[in-house]
Structures are given as structure tokens and as C-alpha cells.
Protein chains: 2
Amino acid sequence: MWYEFASSYSYLAVMRAQAAADAAGVPLIWRPFLLGPVFLSLGWNDSPFNIYPPKGRYMWRDMQRLCARYGFPFRLPSQFPRSGLLAARVARLGQDQDWIGPFSRAAMQANFGEDRDIGQPEVIAEILTGLGLDADALIAEAEGEAIKQALRDQTDAATAMGLFGAPNFVVGDELFWGNDRLEDALEWAHGGGLKPTA
Amino acid sequence: MWYEFASSYSYLAVMRAQAAADAAGVPLIWRPFLLGPVFLSLGWNDSPFNIYPPKGRYMWRDMQRLCARYGFPFRLPSQFPRSGLLAARVARLGQDQDWIGPFSRAAMQANFGEDRDIGQPEVIAEILTGLGLDADALIAEAEGEAIKQALRDQTDAATAMGLFGAPNFVVGDELFWGNDRLEDALEWAHGGGLKPTA
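Residues numbered from 1 in each chain as written. Chains lettered and ligands numbered in written order. Predicted model: local features only at pLDDT ≥ 70, side-chain atom pairs only at ≥ 80, totals over all residues. Heavy atoms only, no water.

Novice: How would you sum up the interface of chain A and chain B? Please name residues and give values.
Specialist: At the junction of the two partners, chain A supplies 27 residues and chain B supplies 27 residues. Among the residues of chain A in contact with chain B, Tyr58, Arg65 and Arg69 of chain A are the three that bury the most area, contributing 26% of the side total. For the pair chain A and chain B, the interface holds 10 salt bridges. Every element with two or more residues in the side of chain A that touches chain B is listed here: helix H4 (53-70), strand E4 (174-177) and helix H10 (182-191) of chain A. A total of nine residues in the side of chain A that touches chain B trace back to one element, the largest contributor, which is H4 of chain A. Each residue belonging to the side of chain A that touches chain B can be placed in one class, and the counts come to 14 nonpolar, two polar and 11 charged. (Contact = heavy atoms within 4.5 Å. Buried area = accessible area lost by both parts, 1.4 Å probe. Salt bridge = Lys/Arg side-chain N within 4 Å of Asp/Glu carboxyl O. Helix = DSSP H or I, 4+ residues; strand = E, 2+ residues; numbered from the N terminus. Nonpolar A, V, L, I, M, F, W, Y, C, P; charged D, E, K, R; others polar.)

Novice: Can you break down the nonpolar core residue by residue, with the values?
Specialist: Counting 140 residues, the largest nonpolar core has Phe5 and Phe103 of chain A together with Phe5 and Phe103 of chain B as the members making the most contacts within it. Once residues lying within four places of it in the same chain are set aside, the contact partners of Phe103 of chain A are Phe5, Ala87, Val90, Ala91, Ile124, Ile127, Leu128 and Leu131 of chain A. (Core = buried A, V, L, I, M, F, W, Y, C linked by side-chain atoms within 4.5 Å. Buried < 20%, exposed > 50% of the residue type's maximum accessible area, 1.4 Å probe, protein only.)

Novice: Can you tell me about the pairing of E4 of chain A, naming the residues and giving the values?
Specialist: Residues and elements named next belong to chain A. Pairing of strand E3 (residues 168-171) with E4 involves four bridges; the strand directions are antiparallel. Bridge pairing in E4 links Phe169 to Phe176. Adjacent in sequence and paired antiparallel, E3 and E4 are bridged by two residues, among which Gly172 carries a positive phi angle near 60°. (Pairing = 2+ DSSP bridges.)

Novice: Hey, could you go over the relation of the copies chain A and chain B for me, with residue numbers and the actual values?
Specialist: Least-squares fitting of chain A to chain B yields an RMSD of 0.0 Å, with the superposition described by an axial translation of 0.0 Å and a rotation of 180°. Expressed as a symmetry operation, the mapping of one chain copy onto the other fits a two-fold axis. Using C-alpha coordinates, one finds that chain A approaches the rotation axis most closely at Asp180 of chain A, a distance of 3.7 Å. A shared interface surface links the copies, since 100% of the contact residues of chain A are contact residues in chain B too. (Least-squares fit on C-alpha atoms with pLDDT ≥ 70 in both.)

Novice: Quick one: what's the story with the environment of Leu85 of chain A, residue by residue and with numbers?
Specialist: Mapped onto the elements of the fold, Leu85 of chain A is located in helix H5 (residues 85-94). Considered as a pair, Leu85 of chain A and Pro32 of chain A are 53 residues apart in the sequence and their alpha carbons are 10.0 Å apart.

Novice: Can you lay out the packing of aromatic side chains for me, pointing to particular residues and giving the numbers?
Specialist: Aromatic ring pairs: the centre-centre distance and the angle between the two ring planes describe each pair. For the structure on display, the rule yields 38 aromatic pairs over all chains. Judged by centre distance (6.3 Å) and plane angle (90°), the ring pair of Trp177 of chain A and Tyr58 of chain B falls under edge-to-face. A residue pair is termed interchain when its members come from two chains, as with Trp177 of chain A in strand E4 and Tyr58 of chain B in helix H4 (residues 53-70). What makes Trp177 of chain A partly exposed here is its relative accessible area of 29%. For Tyr58 of chain B, a relative accessible area of 7% puts it in the buried group. Ring-pair connections join several aromatic residues into one group, and the members of that group are Tyr11, Trp60, Tyr70, Phe72, Phe74, Phe80 and Phe112 of chain A. Taking NZ or CZ as reference, Arg65 of chain A lies 3.8 Å from the ring centre of Phe176 of chain B, over its face. (Phe/Tyr/Trp six-rings, centres within 6.5 Å; stacked < 30°, edge-to-face > 60°. Lys NZ or Arg CZ within 6 Å of the ring centre and 35° of its normal.)

Note that every value here comes from positions in space, so none of it alone points to a role or purpose.
Structure, rendered in C-alpha cells:
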């Protein structure tokens, strides 16, 4: 799963993915990346939800409906998009650690469920501490040159793979874009195709 | 359902909608419109699938996968988007007639399943004749000023409703965008909300 902390539909996917993958018996690999450079490569210097107001209005109503369905908290963020940079660096550092799921869910929920500014180090620190982790050490390492570069490389890899939004589910060479395609991706991972309907 | 004959994902929705609506016990109302003026209002003078190549590449692969799942024929169109203008005028004329479903499915399948140019009157005439209809009379009426204006008005109504793509499912004030949200729209029509998961 390729996701961005500033992306609204990534909130839904991040909250749902682990449980759905577990239920399907499919291993889940967490890959945070930055949508900003990807959008710039498409000619957007802001979220398309801001550039195209009807898309934005639809998206927020849809988020409200879908959070109600899934039982996820939702508060209209007072700022959108928020910087997901620090959260993405921390996630890049921990992407193969067992705390990546809990951290990602907590940071996403802070942004979209609690209207908190995840761009602030205090907010990220509080989340890490709440998970029993050494926040200061992790944030220092996440802000170090090695992780910064690793996140840049991962974002370049996302662009090279043809990603143009978030969230994404990649199964081999197959790309599924959007929270509503999580189930299709899991089905593909299971059988190498989509089950015919009817 | 608001759809456009030139729109790839509208093909899937048009093919699926009647059977899904019947199964859900929800009445289906057919509303063809033109995406061109809507896109122009967003600053696009072409399909976003052409303007943003990674989106386009993804879409065609996704169409291939989804047509295989649904059992719909698919041939990569040699021209995209094709003019859906004549098909939309005919559909506007017949939108409340019992032939609207068969006509819409046949025209969509010609475009995306058989790589035929639905912008050509002969192709539309053949489809209408195949449905046992008077093709010449219907095309003449569809090209008359009243229907041209009615389609313009319907397209303006789509923009006013905040549509920004196709297909769309509108249930009261609720908009659901995209083929993959048909089931959500039917659920909403049934119970005034989305069923909570888990």
C-alpha cells in the first residue's frame, strides 16, 4: 500500500488495510510517499481537490459518508492539505517495523478525525510516545539525511511506477488506485485476477 | 444515472446499472449529458486521461481488468475520446422511453467493446434499426433544435449539480461518482445511508 499522510482517501485505506489484508490472508507492505512531487510532475501545485472545487466539495461529503459507514472519526480539517512530510519520514523509518500500522493509523486519525496538525513535531511526538516508542530518538533519525533521502527515493519510485494519486495498492505489476479498490487488490493478490461477477 | 457516451467508466456503469437497480428494487432514471462543457468549466480542453498520461495508462489497464471481471467485451478504442454528441442527442430524446437502456448499452459497447465510431450517423442508425426502431426519424428528431437545446440544458443542469466527471449516480441530494460507487448509490436509495461495515 502506497499512501500519503495528507491524502484524505489515504486515511480510509490506512485505517482499513491491515484488517482487510489479514482477513484475506495477504501480507501488507507499507510504503509512505509524498504526493507533492508526483502532483508537480502532473502540473498541479496544490491538491486537485483545491484546484477543482466541485471535486473538493464532493470529496469532503464522500469522506463524511464513508467515515460514518466505516465507523472512523471524521472532522473537516481546518487546513488541507496539511504537511505530511514529518509523518512520512517517520513512517519511512518505520515502514518495516511492527509499529508502522499503529503509527500510520494514529497520524491519519489525528489529521482527519481530530483536526490536529500532523506537520507539528509535538503532535507526531505525542503519537509515538503513546505507542510506547522513543519519540525524540525516532524523530531525530527521521529528520536525518539518510531517511530524508530514502523518502525522496521512494517518492521517485512511486512516480516511476506510474502513481498519480493516493492511496494505491500494488500487487506485482498491477496498480489499484483508490480506497474503494482495496478489495479488488486483495482479490488479485489471492488469485492473480478479479473474480468474474454473475 | 448521469453518463456520457465518450466516457470509458460510463461504459461499465451503463452496462451494469439496470440489472443492479432491478436487483435492488430501485428505479433507474437515465440522464445522458456532455462531459466536454463540464471539463471546459474545469479548465480541461481534452479528457483528463489524455492530459495526464499516467492516469490514462492506468485507466485503460483498469478497463481491461474490469471488463474481464464483468464479462463485457473490450477493445482499446483507436480514438479517444470519440464524439458522443449524436448518441447523447438520441439518448436525450429517448431517455424516458423503454429503449433507452438497450440503446445506451449498444452504443457504449460499440465504442468500447467493438472500436466503432459512434460519432458516425450510420453506426447510430444501425444500432437503432437493430432495436426495431425507425432510425431515420429518430436521428432527424435528435438533430432538431428542441432536442439539441434539451441536451444543452441537461448538461448545464449537470454542471449546476456539481458533476465533474462520469458516470454519476444521484440519489436525492447525494452524488456518487464513478462506476465503482453504483452499489453505494443503490444502498443509499434503499435506506437513506450506507450500511455500517463490521
